[in-house]
Structures are given as C-alpha cells and as structure tokens.
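# Structural characterization, general
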Amino acid sequence: MIWLVASALLFSIGAYGALTRRTAILVFLSIELMLNAAALSLISFSKLTGSLDAQVVVLFIIAIAAAEVAVGLGLIVAIFRRRETTSVDELRQLRG
Amino acid sequence: MQETILLPLIIALPLLGFVILGLFGKRIGEPTAGWLASLLVLGSFLLGLFLVLQGGARWALSEWLPGIPLSFNLDNLSGIMLMVVAGVGFLIHVWAIGYMHGDPGYSRFFSYFNLFIAAMLVLILGDSLPVVFIGWEGVGLASYLLIGFWYHERVNADSARKAFIVNRIGDLGFLLAMGLLWSMFGTLSISELVGKVEAGGYSFTTLTLAGFFLLIGAIGKSAQVPLMVWLPDAMAGPTPVSALIHAATMVTAGVYLLVRHAFMLHDDAFLSGLIVAIGLLTAIYGALCSLGQWDIKRIVAYTTLSQLGFMFVAVGVGAYWVAIFHIVTHAFFKALMFMTSGSVIHALGGEQDVRAMGGMRKYLPSTHLHGLVAAFASGGLVPLAGFWSKDAILAYSFEYGPWLWVLMLGASVLAALYSIRWYVLVFWGDYRGKEHPHESPPVMLWPNHILSVGALGVGFIGLPYVIDYENFISPFLKKAIGDFGHEKLPVLTEWVLIIVSAAVAITALWWGFRFFQQKMPQWYTHFQTWALNGFYADTLYNTLFVNPMKSLAEVLLGGDRGILTGFAGLGSLMGGLGNLLAKLETGALRFYLAGLLIALVLLVGWGVLR
C-alpha cells in the first residue's frame, strides 16, 4: 500500500514539474517521472495480487521508455541546434 | 431460310466504316472517306441482295439476355427494306461526296452516315424486339447527330434536340409495348409472337393496348400527327441527311414496324381505324403546310409528312404490302426530290429560299429533268412510280369505305399541287436571285440519274391486278407479312378508280402548273401565312406543354436554390464551429499538458465516484 502512495507522490511531482518547467529537457524528465510512477504502481499491484503479469508489463515499459528517451533526446538536440533554445514557451509554431 | 454469319456481316460493314472514319477520319480525308463509306454501304447492299436471292436468312445468338436472343431475320419484308435502305442509301452517300465537298467536318459526316445505315439495318433485320429497339434508338441518335451537324449555329442544335425529345415520347410507347408483350407472352421474338397471337388464350384488350403503344412509337418515328413537329425543323441538317434519314428511310421505320406487327393489327378495328384517322390527318396537314412554305427544304419536308400519312392509311386499311410498296416508290422519288433541291441549293451557294430561285431549267438542264421526274412521280402522274403506289392505296381505301376514298383523293390532289408548286417555283419563271448558278459535278448527277430511272420505273413491280394479274411485290411480301385475304374489287370499279385518279392527278398538275406561275390571289396569301407556320402547331404545343413545363422547372429551380442555400448555411455553421475549436490549438506545450492532466483527473474521478 505504501508503494502506491509513493507512486502517487511520484506522479504528482512529475505532473507539477511538467507544468512548471520551461526547458524541454526538464519537461521531458518530468514526463519520465510520471511514466515510472505508473510502472511503480503496477509493481505494487502485482505484489498485492501475487500475480507476475504486471511485472512483465513493467519490463516492457522499461524497454519502451529506453527507446522513447533516445527519440525524445534526439528531437530536443535537433531543435536546439536549429533554434538555439529549448524553451517550450518559445516553440509554439504549431498553432491552430 | 439458312443460318448464316453473313447476315450480321451486313450490319458490321457500315459499323466498321463508322469506327474507322470516327477514329482515323481526319487522316483519311476527302474524298477517300466518302468513297470508303459509300463502298461499305454498297457491300451491305450486295450481300443483302445475295441473301435475299437465296431465299432469306436467319442468325441468332441465343445467350444474350435471359430469355431474349440476339436474333436477326432476313425475310422478304426486311429484304425489301434492306434493298431500299442500302441501295438508295448508297446513292445518297455518293451524292453527298459532291455535296459535302470542302466541309470541315467531311469525314465526321460520313462516319455518322455509316452509323445511321448500321443502326437502320439493325432496326430492319432485328427479330426480337429489344434488338429492333437498339436500332430504333440508334437511328434516333444518328438523326440527332446529323441534324445538329453544323452545331455552331444554335438553331441547328435546337432542332436536333427537338427531334430527339419528340422522338422520346414515341420511344416510351415502344418500351411500354415491349413490357406488355413480355408479360403477356413471355417472349419478344416477333416470329414467335406471330404464333402466340394466333394461338389465342389472352386478353384481347391488352393486346390492343400493346398495339396502341407500338402505334405511339410508330407515330413518333414517322412524324405523324400529333408528333409531327420535329420533322420540318429537322431540315436544319445537311441536305443528304434530309434525303436519307428524313425522307427515304428512317421516317418510314414507323410504317415498317406497324407492317411487321400486322398480325396484331389486322383484326383490330379500333387500332386500324385510329391508324387511318392519323394517316389521313397527317396526309392533309402535311400537304396544306407544304403549300405555304418558302424554304425549299421545308416544302419537301412537309410533302414527306403527307406521303407518310398515305402509308399510314395503307396500313390502317389493311393493305400492308401497299404500304411497303409506297415506301419503296417514295424512297426513290422523295430522295430524288431532296437531292434535286440539294443540287439547286448547291448551285446557288447555299440559298434555300424559293423566292430567290426560279428559272433553273435554263441554268441546270440535267437537274431540271430530275426535278421534273420527281415532281411528276410525287404528284402521281401516270405511269410514274408514285402513281401506282398511290393508286393502290386509293383502291384499298375505296374498299374500306368510299368516304375514305374521297378524302384520300382530295389528299392526292393536294399532293399533285405541292409537287408542281415546288417544281414551278424552282425551275420556271425568271431567275430571281443574284448568285451565278452552276450545274453539279458528275458525282452528284449520276446518283440522280439512277434515282430518276427508279422514280420512272419502280412502280411497275406493283401494278394493279387488272393490268398485271400477279404483280411482283404483293405475293413476294405476303410470304413474310401473311395473307389477310382481301376481296379483289370488280374489274370495272378498279378501272374506274384508276382512270379517275389518273385524270384527277393530271388535272391538278396542269391547273397547279398554270396557277403557281401567276401572281398569287388574296385568299392564297391569306392561307399561306397560316400554312407557313404549320397552322401554329408549334405555338399550340409551346402554350400547352413546353411553357407550363418551363414554369414548373423554374419553380423546381427555386426549390433547389432554397435547399442549396440551407445546405450552404449548414456548411458555414460547421466551418464556424471548426474555427472555434481551432482556437484551442495554441501551440503552447504546457497548455496541452494541462488539458491532458485535467482530463485525466476528471476521468479517474468519474471512474472512482461512479
């Protein structure tokens, strides 16, 4: 149960960070926190029910997160090279 | 009767010409395109003649439509029609080589001409009614294309549309007749229908109704009252078109259709009476209108109406072979009349008003002779072709009822008058125009020479029995149509009828010859203003049908506009909503994220509280 609380805290911290930070790297980092909070909650559910299925899912999440980080960091580096900034408030060309 | 693949080949030859000239016409050019088209029609003619001499032919493709074979039948009736269509058609093709010389659409013209011949042959040779209908529509299409051949001028295109639309009414009748016959007998093959109608066991009223619908089809195609208004306007096409389609062949298709279905008509007093009435009305209406026209082609067009009325009367009184006989003689003298008119138009550089003609006998000696023969044959002078066929119609009319004979005699007096009026206005008096007339080239003279011989002599295949006890055409056709056993009139009566009709024709021709050279009296000019406008039939139809339809169309257009405005409003409303939603797309990443999180909280909250 304590792990679930920890997971909720982690998620809230991640959400707060994603909303308040302006640098793309830090926003990205906060999102990673939220993702891992979700993984943590899965593990704790796994402990509660005694089934290993959720742990398998977490292994998948870790693998996918690694790939996602590679792509995300690559994008941020590419944007920085072009714009010389990573502030998400300045990158708002995708207006409707 | 033999099964032979040569039969569809008759149709395939002109069809091939249509395809070749349609695809490569520009490269073939004149005069090769014209000669190619003519030779293909001649090929059809020779092939048809060969098969007729062998006693006819059949050919069928049984798996065509479920229950309906693609079948062709060349018997004596379709054989004679084929001779007329391909034979006279060939002469008109050759003549058109000269007439269409230098026209920018030269090969297009011959491609359409071959299409017409192919469609007409399908109509004639078809044994099952849907096949006939394909030909029926095909000739309508070719007629439409050729009337509007010079489509750059609006009036020509309008005439073409008028012809097509009026013909649709008749086509609807044909379709309804097919539907009725199918529901009654389960077959649409004419040769099978003959047996089934004779076998009996059906409602006679329904058969009358089917015959009535067929009659509507025939009325439309043969331009009878009340669907006659398209034929005079069809003269907007080139003159060879008028000669081939609107005089010699297509307009007789209605008569041919009725003769083909003689087995349905001959016992039916109502239908026969109706056909007689329509034919009589058309014969007199056409003749009166012709007397008032100034356009040379419209004069001849109305004479065609009148002669078609004669054919209908022949069908109505049950003289089916006479109707076909008149088609044959009419094809010769009316094609000749049109082509003579065409030669005059050609000589005067496109002038069509007879008031700017006159005196042509001095300038165009050969064409003058052709015109003389055409006028005499059409007016019924003994012993030219028109006399014998018209006399046969009169004799059968007498048998039907002496009153009909009197009326028909009146119609033939008018026929003599309009023929001689045409001849006098064009060839006698002094030349009233300005162009310098020149005689036509040999390629236009020779077809007219041959047609003149036909107009002089073709009547001898159908002499009355008092002169030639068994003439050629009557027993020949009875093999195909069936023998409906007419009593022969007594010898004396027959002779009296012949002499009266001959004397009346000569008197009318002579009187007309004198009358039309003078200045017209007051009553005639009065009559002429009425006749010139076809007794205001067009105006009547416009008031009764066309204008109400136009108003209805306007109302519907208004309704359409209303509906469309509604849809346009709906569209712009949706567009506005879309614009509102697009405002949410700010491009600010943290705004999106906040939205996602709020949605997450709401969804989870809803899930927990539920």
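Quick caveat: nothing in here was measured; it's all calculated off a predicted structure.

Reading the values: rules and limits
Residues numbered from 1 in each chain as written. Chains lettered and ligands numbered in written order. Predicted model: local features only at pLDDT ≥ 70, side-chain atom pairs only at ≥ 80, totals over all residues. Helix = DSSP H or I, 4+ residues; strand = E, 2+ residues; numbered from the N terminus. Rg over C-alpha atoms; globule rule 2.2 N^0.38 Å. Buried ≥ 20, exposed ≤ 12 C-beta atoms within 10 Å, placed from the backbone. Contact = placed C-beta atoms within 7 Å. Nonpolar A, V, L, I, M, F, W, Y, C, P; charged D, E, K, R; others polar. Expected span 1.5 Å × (residues − 1). Pairing = 2+ DSSP bridges. Core = buried A, V, L, I, M, F, W, Y, C linked by C-beta atoms within 7 Å. Axes fitted to C-alpha atoms, helices over the stretch in contact; angles between N-to-C directions. Left-handed = near helix turned anticlockwise from the far one by under 90°. pLDDT = per-residue confidence, 0-100. Parallel < 35°, antiparallel > 145°, perpendicular 65-115°, else oblique.

### What to know about the overall build of chain A
The secondary structure content of chain A amounts to three helices and zero strands. When the helices and strands of chain A are placed in sequence order, the string is α-α-α. On C-alpha atoms alone, chain A measures out to a radius of gyration of 16 Å, which is more than a quarter above the 12 Å that the 2.2 N^0.38 rule sets for 96 residues. If you line up chain A on its principal axes, its C-alpha atoms span 50 × 25 × 25 Å. Looking at chain A as a whole, 12% of its 96 residues qualify as buried. Long-range contacts, defined here as pairs at least 24 residues apart, represent 47% of the contacts in chain A between residues at least 6 apart.

### Looking at the overall build of chain B
If you tally the helices and strands in chain B, you get 25 helices and three strands. Over its C-alpha atoms, taken along the principal directions, chain B stretches across nearly 115 × 65 × 50 Å. Residues classed as buried in chain B amount to 50% of the 610 residues present. Residue pairs at least 24 apart in sequence account for 82% of intrachain contacts in chain B once pairs closer than 6 positions are excluded.

### Quick look at unusual backbone geometry
Here valine 225 of chain B and proline 226 of chain B are connected by a cis peptide whose omega angle stands at 10°. One can find proline 226 of chain B in the loop between helix H8 (204-221) and helix H9 (230-233). In the segment running from valine 382 of chain B into proline 383 of chain B, the intervening peptide bond is cis, with an omega of -5°. Following the sequence through the fold, proline 383 of chain B ends up in the loop between helix H17 (365-379) and helix H18 (385-400). One non-glycine residue with positive phi stands out, namely glutamate 84 of chain A, at about 60°. Within the secondary structure layout, glutamate 84 of chain A lies in the segment after helix H3 (53-83). Despite not being glycine, phenylalanine 535 of chain B has its phi angle at roughly 55°, a positive value. Examined against the element boundaries, phenylalanine 535 of chain B turns out to sit in the loop between helix H23 (522-532) and helix H24 (537-582).

### A few points about the interface of chain A and chain B
Contact residues are listed per partner, giving ten residues for chain A and twelve residues for chain B. Partitioned by chemical class, the residues of the side of chain A that touches chain B number five nonpolar, two polar and three charged.

### Quick look at helix H2 (residues 24-49) of chain A
Helical geometry: 3.6 residues make up each α-helical turn, so side chains three or four residues apart lie on a common side. Given a rise of 1.5 Å per residue, 26 residues ought to cover 38 Å, and the 38 Å separating the end C-alpha atoms of H2 of chain A matches this to within 8%. Looking at the buried side of H2 of chain A, the elements it contacts are helix H1 (2-20) and H3 of chain A.

### Concerning the sheet that holds strand E1 (residues 2-3) of chain B
Residues and elements named next belong to chain B. Taken in spatial order, the three strands make up an open sheet running E1-E2-E3, and their pairing is mixed. With partners counted over all chains shown, the strands left at the sheet margins are E1 and strand E3 (68-74), one partner each. Alignment of E1 against strand E2 (residues 57-65), held across two bridges, turns out to be parallel. Residue pairing in the sheet places glutamine 2 in a bridge with alanine 57 of E2.

### Notes on the pairing of E3 of chain B
All names here are of chain B. The pairing of E2 with E3 spans six bridges and is classified as antiparallel. Bridge assignment links alanine 57 to a residue of E3, and that residue is leucine 74. The antiparallel hairpin formed by E2 and E3 contains two residues in its connecting segment, where glycine 67 sits at a positive phi of about 85°.

### Re the nonpolar core
The nonpolar side chains of a soluble globular protein tend to be buried with one another. Formed by 202 residues in total, the largest nonpolar core has its most connected members in Phe116, Leu121, Ala314, Ala323, Ile324, Ala335 and Ala455 of chain B. The leading source of residues in this core is helix H15 (residues 320-347) of chain B, at 18 residues. Not counting residues up to four positions away in its chain, the partners in contact with leucine 121 of chain B are Ile10, Ile11, Ser44, Leu82 and Val85 of chain B. Counting six residues, the second-largest nonpolar core is a separate cluster that includes Ala15, Ala24, Val27 and Val88 of chain A.

### Topic: the packing of H15 of chain B against helix H21 (residues 473-481) of chain B
Residues and elements named next belong to chain B. Remark: H15 packs on H21, axes separated minimally by 9 Å, with the N-to-C direction vectors making an angle of 115°. Judged by the sense of rotation from one axis to the other, the crossing of H15 with H21 is right-handed. Residues Tyr320, Trp321, Ile324 and Phe325 of H15 form the contact with H21, whose participating residues are Ile473, Ser474, Leu477, Lys478 and Ile481. Here the residues of the contact of H15 with H21 sort into seven nonpolar, one polar and one charged.

### Description of the confidence of the model for chain B
Residues at a pLDDT of 70 or more form 100% of chain B, whose mean pLDDT is 90. At the level of chain-chain contacts, confidence expressed as ipTM amounts to 0.84, with global pTM at 0.81.

### Here's the deal with the environment of valine 58 of chain A
All names here are of chain A. Looking at the element boundaries, valine 58 is found in helix H3. Overall, the presence of 17 C-beta atoms within 10 Å leaves valine 58 in the partly exposed class. For the pair valine 58 and alanine 39, spaced 19 residues apart in sequence, the C-alpha separation works out to 5.6 Å. If near-sequence neighbours (up to four positions away) are discounted, valine 58 is found in contact with Ala39, Leu42 and Ile43.

### Things to note about H17 of chain B
Residues and elements named next belong to chain B. Between the first and last C-alpha of H17 there are 21 Å, a value that for 15 residues agrees with the 21 Å anticipated at 1.5 Å per step. Among the 15 residues that make up H17, eleven are buried, leaving the element largely enclosed by the rest of the structure. Taken residue by residue, H17 has Thr367, His368, His370, Gly371, Val373, Ala374, Ala375, Phe376, Ala377, Ser378 and Gly379 as its buried positions. Once H17 finishes, glycine 380 follows within two positions and takes phi at roughly 85°, a positive value.

### Considering the environment of leucine 281 of chain B
Residue placement: leucine 281 of chain B occurs in helix H13 (residues 269-290). Leucine 281 of chain B gets classed as partly exposed once you count the C-beta atoms within 10 Å, which come to 18.

### Describing the packing of helix H3 (residues 76-99) of chain B against helix H10 (residues 239-248) of chain B
All names here are of chain B. One way to put it is that H3 packs onto H10 with a least axis distance of 9 Å and a crossing angle of 165°. The angle between H3 and H10 falls in the class roughly antiparallel. Along this stretch, H3 crosses H10, giving a crossing that reads as right-handed. Across from Val84, Val88, Gly89, Ile92, Trp95, Ala96 and Tyr99 in H3, the residues of H10 making contact are Thr239, Pro240, Ala243, Leu244 and Ala248.

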